[in-house]
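Descriptive structure summary
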Amino acid sequence: MQELVIASNNEGKIREIRSMIAGITLLSLKDIGFNKDIPEPFHTFEENAHAKALAIYDFCGKNVFADDSGICIEALNNEPGVDSAHYSGTRDDERNLQKVLDELRGKTDRSAYYKAVICLIWQGETYYFDGICQGSITAQKKGTGGFGYDPIFIPNGYDKTFGELPLDIKNKLSHRGKAVKKMIDFLTDKMN
Ligand code: IMP
């Protein structure tokens, strides 16, 4: 079976991606013996996804992909965006989410979207896949599922947060689910 490395240490992302990909051997950073943080120094999802995939490709030479993602909130000029993982100045999901709730207190426009960009390096060539999920931010946390901002994000067309909805529904609607599906369709084509 073909091997593919997920260039991420984020357990929430890895859990979701693993539940979507079959027919290919997914390797974690631990599996390939990479145990450092991968720098994400850029201001776009594309550049950060590329930097992460390339760092791992340079390390092991295997097929690899990286997801760079975040939440963009309209009333906050699309912040935290690429800085979602450390919006509060820490990598603590709870503090990041509370900062969003604080910043939005009293604001009527609660619209937001998640965005994910995947950079895939497959047989030495680089490809990109993206996905967006539109929704809104609640006034309070609801649910304990998912990770990151999920307990305060309601996808359009639903009345529950991603913290309350089951993973299979999140995967169908989410930014990452859409980007991963595009990558799977591409790989299915390549491998057949
Ligand atoms: P990065 O891609 O490593 O820069 O981190 C993405 C960050 O965006 C995560 O740490 C979360 O804070 C947030 N994020 C991205 N996707 C999701 C999601 O599906 N649910 C909740 N938070 C997310």
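In the block above lies the structure referred to throughout.
Residues numbered from 1 in each chain as written. Predicted model: local features only at pLDDT ≥ 70, side-chain atom pairs only at ≥ 80, totals over all residues. Heavy atoms only, no water.

Considering helix α5 (residues 175–191)
Across its 17 residues, α5 extends 24 Å between first and last C-alpha, which sits within 8% of the 24 Å expected from 1.5 Å per residue. Restricting attention to buried positions, one finds in α5 the residues His-175, Arg-176, Gly-177, Ala-179, Val-180, Met-183 and Leu-187. Summarising the contacts, the buried residues of α5 are in contact with β1 (3–6), α1 (11–20), β3 (64–73), β5 (111–122), β6 (125–137) and α4 (167–173). Taking the backbone nitrogen of Arg-176 as reference, a side-chain oxygen 3.4 Å away marks Ser-174 as the first, capping residue of α5. (Helix = DSSP H or I, 4+ residues; strand = E, 2+ residues; numbered from the N terminus. Expected span 1.5 Å × (residues − 1). Buried < 20%, exposed > 50% of the residue type's maximum accessible area, 1.4 Å probe, protein only. Contact = heavy atoms within 4.5 Å. Polar contact = N/O pair within 3.5 Å; in protein donor to acceptor, adjacent residues only side chain to side chain.)

Examining the environment of Thr-25
Following the sequence through the fold, Thr-25 ends up in strand β2 (residues 25–27). On the basis of relative accessibility, which here comes to 30%, the residue Thr-25 falls in the partly exposed class. Separated by 19 residues in sequence, Thr-25 and Thr-44 place their C-alpha atoms 29 Å apart. Those residues in contact with Thr-25 that lie beyond four places of it in its chain are Met-1, Gln-2, Glu-3 and Leu-4.

Observations regarding the nonpolar core
Core analysis: the largest hydrophobic core is formed by 19 residues, its most contacted members being Val-5, Leu-29, Ile-32 and Ile-56. Counting residues per element, the ones that place at least two in this core are α2 (45–60), β3 and β5. Val-5 has contacts with Leu-27, Ser-28, Leu-29, Ile-32, Ile-56, Cys-60, Lys-62, Asn-63, Val-64 and Phe-65, leaving out every residue within four places of it along the chain. (Core = buried A, V, L, I, M, F, W, Y, C linked by side-chain atoms within 4.5 Å.)

Some thoughts on the pattern of salt bridges
Summed over all chains, the structure comprises 13 salt bridges. Through salt bridges with shared partners, a single ionic network connects Lys-13, Glu-16, Asp-67, Asp-150, Lys-170 and Arg-176. (Salt bridge = Lys/Arg side-chain N within 4 Å of Asp/Glu carboxyl O.)

Remarks on the state of the cysteines
Enumeration over the complete set of coordinates arrives at 0 disulfides. Free of any disulfide, Cys-133 has its nearest cysteine sulfur in Cys-72, 12 Å distant. (Disulfide = S-S within 2.5 Å.)

Focus: the packing of α1 against α5
In contact at an axis separation of 10 Å, α1 and α5 are set at 45° when each is read in the N-to-C sense. One finds that α1 runs oblique with respect to α5. Here α1 runs over α5; the crossing is right-handed. Mapping the contact onto sequence places Lys-13, Glu-16, Ile-17 and Met-20 in α1 and Arg-176, Gly-177, Val-180 and Ile-184 in α5. (Axes fitted to C-alpha atoms, helices over the stretch in contact; angles between N-to-C directions. Parallel < 35°, antiparallel > 145°, perpendicular 65-115°, else oblique. Left-handed = near helix turned anticlockwise from the far one by under 90°.)

Let's talk about the site of the ligand
Every one of the 18 residues lining the ligand counts as a neighbour, but Lys-13, Glu-40, Asp-150, Lys-170 and Arg-176 are closest to it. A distance of 3.2 Å separates a nitrogen atom of the ligand from a polar atom in the backbone of Tyr-149. When isolated, the ligand has an accessible area of 490 Å², and the protein chains bury 95% of it. When residues of the shell around the ligand are traced back to their parent elements, those giving at least two are β3 and α5. Per-element accounting of the shell around the ligand gives the leading share, 4 residues, to β3. In terms of residue class, the shell around the ligand is made up of 4 nonpolar, 6 polar and 8 charged. (Near = heavy atom within 4 Å. Areas by Shrake-Rupley, 256 points an atom, 1.4 Å probe, with all protein chains shown as cover. Nonpolar A, V, L, I, M, F, W, Y, C, P; charged D, E, K, R; others polar.)

Quick look at the pairing of β5
Of all the 12 residues making up β5, 11 are buried; the element is thus mostly covered by neighbouring parts of the structure. Two strands pair when backbone bridges link them, and β3 and β5 are joined in this way by 10 bridges, in the antiparallel orientation. For Phe-65, the partnering residue across the bridge sits in β5 and is Leu-120. Here β5 pairs with β6 via 12 bridges, running antiparallel. (Pairing = 2+ DSSP bridges.)

Comments concerning helix α3 (residues 93–104)
Along its 12 residues, α3 runs 17 Å from first to last C-alpha, staying within 8% of the 16 Å computed at 1.5 Å per residue. Within the sequence span of α3, burial applies to Asn-96, Leu-97, Val-100, Leu-101 and Leu-104. Projected onto a plane normal to the axis of α3, the buried residues spread over an arc of 140° and lie on a single side. Those residues of α3 hidden inside the fold are in contact with β3, β4 (79–80) and β6. (Arc of directions from axis to C-beta.)

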